[in-house]
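Fold and contact review
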Amino acid sequence: DPDQDGFPSLYEYHQSRDPQSSNSVPVADVYVSQSGDDGWPGTSNQPKKTIQAGLQACTANYDIVQVAGSATKYSGALNRNLFTNIVKKALVKSSGGPATCVIDCQSSGNGAWMMVAGQALSGLTISNGYHGVCLWAGAALIDCRVVNHNAWAGFPEYSADGAGVAAGGSGSFV
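These notes cover the structure that comes with them. (Residues numbered from 1 in each chain as written. Predicted model: local features only at pLDDT ≥ 70, side-chain atom pairs only at ≥ 80, totals over all residues. Heavy atoms only, no water.)

With the rule as written, the count across this model stands at zero disulfides. Distance from the sulfur of C144, which forms no disulfide, to the nearest cysteine sulfur (C101) is 9.5 Å. (Disulfide = S-S within 2.5 Å.)

So, in structure tokens, the structure goes:
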């Protein structure tokens, strides 16, 4: 992210934006808000309510899911274990940064399992999961906080200390 706007360059190229200019940012394809409804189409006027529903609404690689954040906490089954069964390259980005947008896993799952190159999270705080985020094969974590995870609760064979970020494969970056 050469211009440090929170958007990976591939997402900027996909929308014919300049990845060297922080004034040239992509627009969201799908919107998520606490005031939304998962039955809605995911537009800015009719956003999805959960992040996983936003990801499922992506129709193409390099779609951007904008998550509303203004002292907002997302919790519940469809706001953790993100990217599960999602094979598209998608970016989940908060509109307000990690201080205003929190994914609380409620000690019941992981923040995200990103298994496809090009999948990314940007500008989120991810808390209280078994693992915060598992990145594989070129997935990315940009400007995120990953706090208070306990791998012991879900995976006693791994660690009693928890795992904020687990990375494997080649090309993943934090």
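Another point: the packing of aromatic side chains. This structure, assessed with the given rule, holds one aromatic pair. Ring centres 5.2 Å apart and planes at 80 degrees place the aromatic pair Y11 and Y62 in the edge-to-face group. Placement of the pair is Y11 in helix α1 (residues 9-14) and Y62 in the loop between α2 (51-56) and β2 (63-67), with a sequence separation of 51 residues. Summarising the burial analysis for this pair, Y11 and Y62 share the class buried. Stacked on the ring of F7, the Lys or Arg K93 has its end atom at 5.0 Å from the ring centre. (Phe/Tyr/Trp six-rings, centres within 6.5 Å; stacked < 30°, edge-to-face > 60°. Helix = DSSP H or I, 4+ residues; strand = E, 2+ residues; numbered from the N terminus. Buried < 20%, exposed > 50% of the residue type's maximum accessible area, 1.4 Å probe, protein only. Lys NZ or Arg CZ within 6 Å of the ring centre and 35° of its normal.)

This part takes up the environment of V67. Its place among the elements puts V67 in strand β2. Taking the relative accessible area as the measure of exposure, V67 reaches 0% and is therefore buried. In sequence terms V67 and G54 are 13 residues apart; their C-alpha atoms lie 8.7 Å from each other.

The sheet built from five strands is open, its strands ordered β1-β2-β4-β7-β10 with parallel pairing. Of all the strands in the sheet, the pair left with one neighbour each is β1 (30-32) and β10 (140-142). Across the sheet, the axes of successive neighbouring strands diverge by a mean angle of 15 degrees, strand direction being ignored. (Pairing = 2+ DSSP bridges. Axes fitted to C-alpha atoms, helices over the stretch in contact; angles between N-to-C directions.)

What follows covers the nonpolar core. In this structure, F83, V92 and L121 are the most contacted members of the largest nonpolar core, which totals 26 residues. Residue assignment for this core shows that the elements contributing at least two residues are β1, α2, β2, β4 (90-94), β5 (101-104), β6 (112-114) and β9 (131-136). Apart from the residues lying within four places of it in its own chain, the contact partners of V92 are I51, L55, V65, V67, F83, A120, L121, S122 and L124. Y11, A28, Y62 and I64 belong to the second-largest nonpolar core, a separate cluster that totals nine residues. (Core = buried A, V, L, I, M, F, W, Y, C linked by side-chain atoms within 4.5 Å. Contact = heavy atoms within 4.5 Å.)

To continue, consider the side chain of T50. Here T50 is to be found in the loop between β1 and α2. For T50, a relative accessible area of 11% gives the class buried. Polar side-chain contacts of T50 include one of 2.7 Å to the side chain of D38. The residues touching T50, leaving out its near neighbours within four places in the chain, are V32, D38, L78 and N79. (Polar contact = N/O pair within 3.5 Å; in protein donor to acceptor, adjacent residues only side chain to side chain.)

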